[in-house]
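Here's the letter readout for the chains.
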Amino acid sequence: MTKRYAALLRGINVGGSKKVPMAQLRVILEDLGHRDVSTYLQSGNVVFAGPARDEQALAAGIEAALEKTFGFRVDTLVRDGAYLRSVADACPFPEPALPGRQLHVTFLSEPIAPERLASVDAAAHLPEEFRLGDRAIYLYTPGGLGRSKLAATLARPRLLEGVVATTRNWNTVLELVEKTRD
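All figures in this text were calculated on a predicted structure; none of them were measured in a lab.

A. Here's a closer look at the packing of helix 3 (residues 81-89) against helix 5 (residues 170-179). Between helix 3 and helix 5, whose axes approach to 9 Å, the crossing angle comes to 140°. Compared by their axis directions, helix 3 and helix 5 come out oblique. For helix 3 against helix 5, the interelement crossing comes out left-handed. Contacts from Leu-84, Arg-85, Val-87 and Ala-88 in helix 3 reach Trp-170, Leu-174, Leu-176, Val-177 and Glu-178 in helix 5. When its residues are assigned to classes, the contact of helix 3 with helix 5 shows seven nonpolar, no polar and two charged.

What follows is the structure, given as structure tokens:
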């Protein structure tokens, strides 16, 4: 059975560090045996097809190939199309009414318990808000992610210790849902 996946690479091509050319990234995934490989934007979104496999094993293979090619580690999450669709469907915010830059999803390598985020004073960050989902945190940031104090708070190492996290704006999430449809 063939499935479509999205690989979400964390922290590449930002501020001149961890440069990963998209054409080279596509070749790396093709060399790993993936088919129909395409990239979306320059920020580490790769869509590909292949046999149904464990997402963590797929991510580990991509990480190893990237480190071998570029000499640095790139944390990678792989999610299949069904999961991405479920994240979009479960959005707790009224996404059609919001510009894509105001709504984001932080994808997590594993589920986290709500208690882990209990120390975040939600009222102190209003009108910004967050909700915990399935291996995801939904963020509403009316001023954009770059200026968000809530996003900075949620990115503190002690809150997400041991968890790989990478954030995408809502427009990118929806595009990845479309590109990973089976």
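B. Representation of the sheet that holds strand 3 (residues 45-51). Sheet architecture is open: four strands sit in the order 2-3-1-4, paired in antiparallel fashion. In the strand order of this sheet, the two ends are held by strand 2 (35-40) and strand 4 (76-80), each with one partner. The sheet shows a mean angle of 25° between the axes of neighbouring strands, direction not considered. Relative to strand 4, strand 1 (residues 2-9) is paired through five bridges, and the arrangement is antiparallel. Paired with Leu-8 across the two strands is Leu-77, which belongs to strand 4. Packing of helix 1 (residues 22-31) onto the sheet brings it into contact with strand 1, strand 2 and strand 3, and relative to strand 2 it is tilted by some 155°. Each of strand 1 and strand 4 touches helix 3; the most contacted strand, strand 4, lies at about 85° to it.

C. Looking closely at unusual backbone geometry. For the peptide bond that leads from Leu-126 to Pro-127, omega is 15°, which places it in the cis range. Mapped onto the secondary structure, Pro-127 falls in the loop between strand 5 (103-108) and strand 6 (129-133). The phi angle at Asp-36 is positive, at roughly 50°, despite the residue not being glycine. Assignment of secondary structure puts Asp-36 in strand 2. Unusually for a residue other than glycine, Arg-135 sits at a positive phi of about 55°. Summarising the element assignment, Arg-135 is placed in the loop between strand 6 and strand 7 (136-140).

D. Layout of the nonpolar core. Counting 21 residues, the largest nonpolar core has Leu-84, Phe-93, Val-105, Phe-107, Tyr-138 and Trp-170 as its most contacted members. If you list the elements that add at least two residues to this core, you get strand 1, helix 3, strand 5, strand 7 and helix 5.

E. Representation of helix 5 in the model. Listed as buried for helix 5 are Trp-170, Thr-172, Val-173, Leu-176 and Val-177. Taken end-on, helix 5 shows its buried residues confined to a sector of 160°, consistent with a single buried face. The opening residue of helix 5 is Asn-169, an N-cap whose side-chain oxygen sits 3.0 Å from the backbone nitrogen of Asn-171.

Parameters and conventions
- Residues numbered from 1 in each chain as written.
- Predicted model: local features only at pLDDT ≥ 70, side-chain atom pairs only at ≥ 80, totals over all residues.
- Heavy atoms only, no water.
- Axes fitted to C-alpha atoms, helices over the stretch in contact; angles between N-to-C directions.
- Helix = DSSP H or I, 4+ residues; strand = E, 2+ residues; numbered from the N terminus.
- Parallel < 35°, antiparallel > 145°, perpendicular 65-115°, else oblique.
- Left-handed = near helix turned anticlockwise from the far one by under 90°.
- Contact = heavy atoms within 4.5 Å.
- Nonpolar A, V, L, I, M, F, W, Y, C, P; charged D, E, K, R; others polar.
- Pairing = 2+ DSSP bridges.
- Core = buried A, V, L, I, M, F, W, Y, C linked by side-chain atoms within 4.5 Å.
- Buried < 20%, exposed > 50% of the residue type's maximum accessible area, 1.4 Å probe, protein only.
- Arc of directions from axis to C-beta.
- Polar contact = N/O pair within 3.5 Å; in protein donor to acceptor, adjacent residues only side chain to side chain.

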